[in-house]
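Below are the chains, spelled out letter by letter.
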Amino acid sequence: MTVGSFDLSGKVAMVTGAGANGGVGHAIALGYARAGARLVICDIDADGLERTRSELGAAAVLARRCDISQGDQVEALFAACNADGCAIDILVNVPFVFPRRSPPHEVALGDWERMFAVNVTGYFLCARAAIPGMLAKGAGAIINIGSNAGASALGRGAFAYSCTKAAVHQMTRELAIEYGRRGIRANAILPAQIRTPGFESHLSNPAFRDGVLPRILEGLPMNRLLEPDDMVGPAIFLASDAAAAVNGVLLPVDGGNLAMNAGGSPGGAAA
Ligand SMILES: NC(=O)c1ccc[n+]([C@@H]2O[C@H](COP(=O)([O-])OP(=O)(O)OC[C@H]3O[C@@H](n4cnc5c(N)ncnc54)[C@H](O)[C@@H]3O)[C@@H](O)[C@H]2O)c1
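In this report, the structure presented in the accompanying data block is examined.

Reading guide: rules and limits
Residues numbered from 1 in each chain as written. Predicted model: local features only at pLDDT ≥ 70, side-chain atom pairs only at ≥ 80, totals over all residues. Axes fitted to C-alpha atoms, helices over the stretch in contact; angles between N-to-C directions. Helix = DSSP H or I, 4+ residues; strand = E, 2+ residues; numbered from the N terminus. Parallel < 35°, antiparallel > 145°, perpendicular 65-115°, else oblique. Left-handed = near helix turned anticlockwise from the far one by under 90°. Contact = placed C-beta atoms within 7 Å. Nonpolar A, V, L, I, M, F, W, Y, C, P; charged D, E, K, R; others polar. Core = buried A, V, L, I, M, F, W, Y, C linked by C-beta atoms within 7 Å. Buried ≥ 20, exposed ≤ 12 C-beta atoms within 10 Å, placed from the backbone.

**Re the packing of helix α1 (residues 24-34) against helix α8 (residues 232-239)**
Then, number 1: With their axes 9 Å apart at the nearest point, α1 and α8 run at an angle of 55 degrees to one another. One way to sum up the angle between α1 and α8 is to call them oblique. The two elements α1 and α8 meet at a crossing, and its hand is right-handed. In contact with Ala27, Ile28, Gly31 and Tyr32 of α1, α8 contributes Val232, Ala235 and Ile236.
Then, number 2: Each residue belonging to the contact of α1 with α8 can be placed in one class, and the counts come to six nonpolar, one polar and no charged.

This is how it looks when you write it as structure tokens:
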């Protein structure tokens, strides 16, 4: 193993949901480009996607609007890759939807179905489309963005979202076991709360800012929200040859959130 093992030169990475400036997919796409990869990016937000494409410059080999919950659009995305001669080495599944917070007994069926369609079925459709090319190469890395919400319970109306993230974690394990012998690794990154534009939009709500935010920070032993850039190093590592034996891992990138007992006291000496 050398430091060069972290280099992604010569690899083609598809990052789905890369169109939100200040979002995780955008940060990972730019980080992969700095690590030497060429990028295929997609999003439902055509304008955002175009902005990311222009920031990537020559590293962007394909940018295409795609709703990952729609099988025909995912197939068209991969057909466009094939037509361009891009065989995907790395797939990063990022998008999510979370239409509204609802206690379990009030979740609208339509919300539940939409969350599963994007947050779970979309990840499955992209993985299913990427795997044949990876099998042909005998190598590939799939990285799913999970959440601390899928590994422990958040409450506060996150029920359906949390269930989708738990499904993503199990999808990751199953992919790892199914394809590990054939050169494809699957891992997940489990962030805690990240200071994305979506998260920041909640801060204008006093109930969130003064009630929920302090509780979130109490649960983050590093006493700060995560930043999208905090996801980049772990995403490069998991995609790279440095992680050649890392398969089926659910990697918390959460400042210690999942490590801490709910009754724990970060740095507190008081009894
Ligand atoms: N932000 C947080 O606090 C936080 C915490 C834990 C986990 N996560 C996870 O991190 C990931 C990224 O979150 P983010 O906050 O950066 O999101 P974001 O909203 O900033 O970016 C998500 C992108 O996905 C795109 N998208 C939405 N639906 C799509 C679809 N059907 N097809 C294609 N693209 C679609 C959006 O247009 C957007 O560009 C998500 O999986 C989320 O669950 C976020």
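And the narrative resumes.
**Some details on the nonpolar core**
Then, number 1: Counting 71 residues, the largest nonpolar core has Ala13, Val15 and Tyr32 as the members making the most contacts within it.
Then, number 2: Tallying contributions element by element places helix α4 (residues 109-137) first for this core, with 11 residues.
Then, number 3: Residues contacting alanine 13, with those up to four places away along its chain left out, are Leu8, Tyr32, Ala37, Leu39, Asp89, Ile90, Val92 and Ala239.

**Points about the environment of asparagine 148**
Then, number 1: When you line up the elements, asparagine 148 lands in the loop between β5 (140-145) and α5 (159-179).
Then, number 2: By C-beta crowding, asparagine 148 is classed as buried, having 22 other C-beta atoms within 10 Å.
Then, number 3: When the C-alpha atoms of asparagine 148 and isoleucine 194 are compared, they prove to be 11 Å apart, with 46 residues separating the residues in sequence.
Then, number 4: Those residues in contact with asparagine 148 that sit more than four places away from it in its chain are Leu190, Pro191, Ala192, Pro252, Asp254, Asn257 and Leu258.

Treat this as a map of the structure, not an account of what it does.
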